[in-house]
Amino acid sequence: VQPRRLGACSFDNEPTVPFFWDESCPQDGQSLGCLADGIHAQCRFCGVGDYSEVLCPASACSFDNPPHLPYFWDESCLEGGVGCLADGQHEQCRFCGEF
């Protein structure tokens, strides 16, 4: 079991919906996607379904080994698009730039 960090979401079972730590969430968690883990108001769902209006930062990409290539969250990524699915988990995680 990994120790919990301050400023990190805490899920018993990690969701399939992307999430990130968002300091702009109100303390009561009453904003779209906030309080995603049911514990921390700043834990926020983003990017898909009901949360598609909440833009995900690049930190929503999840790599086992971070790449040397730059990447970002791109809502316009479509299945099979060039650079999409960069992390192997999220279609919207996209490689960009040159190496």
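Residues numbered from 1 in each chain as written. Predicted model: local features only at pLDDT ≥ 70, side-chain atom pairs only at ≥ 80, totals over all residues. Heavy atoms only, no water.

Caption draft 1: Summary view of the side chain of Q42. Mapped onto the elements of the fold, Q42 is located in the loop between β1 (19-21) and β2 (43-45). Using a relative accessible area of 9% as the deciding quantity, one classes Q42 as buried. If sequence neighbours within four positions are ignored, Q42 has contacts with F20, W21, D22, E23, C25 and Q27. (Helix = DSSP H or I, 4+ residues; strand = E, 2+ residues; numbered from the N terminus. Buried < 20%, exposed > 50% of the residue type's maximum accessible area, 1.4 Å probe, protein only. Contact = heavy atoms within 4.5 Å.)

Caption draft 2: Main features of the pattern of salt bridges. A complete count under the given rule lists two salt bridges for this structure. Between R94 and D74 there is a salt bridge, with the nearest N and O atoms lying 2.6 Å from each other. You can see R94 sitting in strand β4 (residues 93-95) and its partner D74 sitting in the loop between β3 (71-73) and β4, a full 20 residues away along the chain. The two residues R94 and D74 agree in class, both being buried. (Salt bridge = Lys/Arg side-chain N within 4 Å of Asp/Glu carboxyl O.)

Caption draft 3: Region of the structure containing the environment of R94. Among the residues examined, R94 registers a relative accessible area of 19% and is labelled buried. Sequence separation of R94 and V17 is 77 residues, and the distance between their C-alpha atoms is 16 Å. Leaving out residues up to four positions away in the same chain, R94 has contacts with P70, Y71, F72, D74, S76, C77, G81, V82, G83, C84 and A86. Of the polar contacts made by the side chain of R94, one reaches the side chain of D74; its length is 2.6 Å. (Polar contact = N/O pair within 3.5 Å; in protein donor to acceptor, adjacent residues only side chain to side chain.)

Caption draft 4: A look at unusual backbone geometry. One non-glycine residue, L35, lies in the positive phi region at around 65 degrees. For L35, the location among the structural elements is in the loop between β1 and β2. Judged by relative accessible area, which is 33%, L35 ranks as partly exposed. Positive phi, close to 65 degrees, is recorded for L85, a residue that is not glycine.

Caption draft 5: Representation of the packing of aromatic side chains within the structure. All chains considered together, the criterion is met by five aromatic pairs. Ring geometry for F63 against Y71: centres 4.7 Å apart, planes inclined by 55 degrees, an arrangement best described as tilted. Taking the relative accessible area as the measure of exposure, F63 reaches 19% and is therefore buried. Plain terms: the ring middles of F63 and F95 are 6.3 Å apart, the flat faces sit at 35 degrees to each other, and that makes the pair tilted. A residue pair is termed long-range when its members are at least 10 positions apart, and F63 in the loop between β2 and β3 and F95 in strand β4 qualify at 32 residues. Following the ring pairs from residue to residue traces out a cluster consisting of F11, F19, F45 and Y51. (Phe/Tyr/Trp six-rings, centres within 6.5 Å; stacked < 30°, edge-to-face > 60°.)

Purely geometric stuff here, so don't read any function into it on its own.
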